[in-house]
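# Results of the structural survey
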Amino acid sequence: MQVILDQLQEVGFAQWMATLFSIIYILLAVRNKSSCFIFGLISAVFWGYESYVNLNLKYDALLQMFYVLMSIWGIYQWRKGGDNENERPISALGVKGNVLWIGIGIITSIFIYYLLLNLVSSEKAFLDLATTVFSVIATFLLIYRFLDQWIYWIVIDLCYVYIYSTTGGELFAIIMLVYTILAFQGFFSWKKLYLEKI
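The residue count restarts for each chain, going from 1 along the sequence in the order it is written. Local features in this predicted model are restricted to residues of pLDDT 70 or higher, and side-chain atom pairs are both shown and tallied only at a pLDDT of 80 or more, whereas totals for entire chains, interfaces and linings draw on every residue. No hydrogens and no water enter the side-chain calculation; it runs on all heavy atoms of the structure.

What follows deals with the overall build of the protein. Starting at the N terminus, helices and strands are each numbered in turn, a helix being any DSSP run of H or I of at least four residues and a strand any DSSP run of E of at least two. Helix and strand counts for the protein come out as 8 helices and 0 strands. Element order for the protein, N to C, with α for helix and β for strand: α-α-α-α-α-α-α-α. For this measure, only C-alpha atoms enter the radius of gyration; the expected value for a globule follows 2.2 Å times N^0.38, where N is the number of residues. For the protein, the C-alpha radius of gyration of 17 Å lies close to 16 Å, the compact-globule estimate for 198 residues. By principal-axis analysis of the C-alpha atoms, the protein measures approximately 50 × 35 × 30 Å. Among the 198 residues that make up the protein, the fraction classed as buried is 47%. Any two residues having at least one pair of non-hydrogen atoms within 4.5 Å are treated as being in contact. A fraction of 72% describes how many contacts in the protein between residues 6 or more apart in sequence connect residues 24 or more apart. Per-residue and other accessible areas were derived by the Shrake-Rupley procedure at a 1.4 Å probe size, with only the shown protein chains allowed to occlude residues. When the accessible surface of the protein is split by element, carbon and sulfur atoms take 69% of a total near 10500 Å². Exposure is judged per residue with a 1.4 Å probe applied to protein chains only, and the accessible area is read against the type maximum: over 50% gives exposed, under 20% gives buried, and values in between give partly exposed.

Take empty space enclosed by the protein next. The distinction between a cavity and a pocket rests on a 1 Å grid over the protein atoms alone: a 1.4 Å probe fits inside a cavity but cannot get out, while a pocket stays open yet meets protein on both sides within 12 Å along at least five of seven lines, and a residue with an atom within 4 Å of a point counts as lining. Grid points are joined across faces, edges and corners, and a volume is the space filled by probe spheres set on the points. In this structure the tally under the stated criterion is 1 cavity of 30 Å³ or more. The volume enclosed by the largest cavity comes to roughly 390 Å³. What lines the largest cavity is a set of 27 residues, and nearest its centre among them are Y25, Q64, Y67, W153 and Y179. Secondary structure elements with two or more residues in the lining of the largest cavity: α2 (13-30), α3 (36-53), α4 (58-80), α6 (125-143), α7 (149-165) and α8 (170-197). Under the scheme applied here, ten amino acids are nonpolar (Ala, Val, Leu, Ile, Met, Phe, Trp, Tyr, Cys and Pro), four are charged (Asp, Glu, Lys and Arg), and all others, including Gly, are polar. Of the residues belonging to the lining of the largest cavity, the class tally is 17 nonpolar, 8 polar and 2 charged.

Now for the packing of aromatic side chains. Ring pairs (aromatic) are described by centroid distance and by the angle formed between their planes. Here a Phe, Tyr or Trp ring, Trp counted by its six-membered ring, pairs with any other such ring whose centre lies within 6.5 Å, and the pair is stacked when the planes are under 30 degrees apart, edge-to-face when over 60, and tilted otherwise. As enumerated under the stated definition, the model contains 16 aromatic pairs in all. Their ring planes at 35° and their centres at 5.5 Å tell us that W73 and Y76 sit as a pair that is tilted. Of this pair, W73 and Y76 both sit in helix α4, 3 residues apart, roughly one helical turn. The class for W73 is partly exposed, based on a relative accessible area of 35%.

What is expected of a backbone is that most residues other than glycine have negative phi and most peptide bonds are trans. In this model, N56 sits at a positive phi of 55°, which is unusual for a non-glycine residue. With respect to the helices and strands, the residue N56 is situated in the loop between α3 and α4. The class of N56 is partly exposed, set by a relative accessible area of 25%.

Right, dumping it as structure tokens:
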């Protein structure tokens, strides 16, 4: 326990800010509030800086810049993406949709990994890349309000717990563990809303 406390004392400003704003983001997302994207955007800026400069997780840094753009798109989709100016409803992919997206994620991860194998130096290169690819997929599923996205996040976040805890991002590992717990809560909360609408 003392080792973890010592490591947390060495955590820099960017990692603390990313953590603070990401906690606000996920709590609002679980509660189905479009304002979550504002805090997600701020968190992504700090997180991207930390991943690129201090953790040598280049794919994760690119993912954070993607999150900045998707936060803007997410606000629009959640508020104006439904019919007749109504909020976009929560829906589900189903088995075929999930098989399709998981297949696309695996194939894309393998393709990009071998394409960039000798060009990008990154810690945990394939896992960093695969979690990035699936995070992109899960982000689109979140923006378009698919219930299934919470299951993707549970798996992704658990992978990130391992990545960050083995590359010096201890605080990020802790936040990913919190994210995992909140993703379970988000799934059940959204599932209740989804079942009320069908």
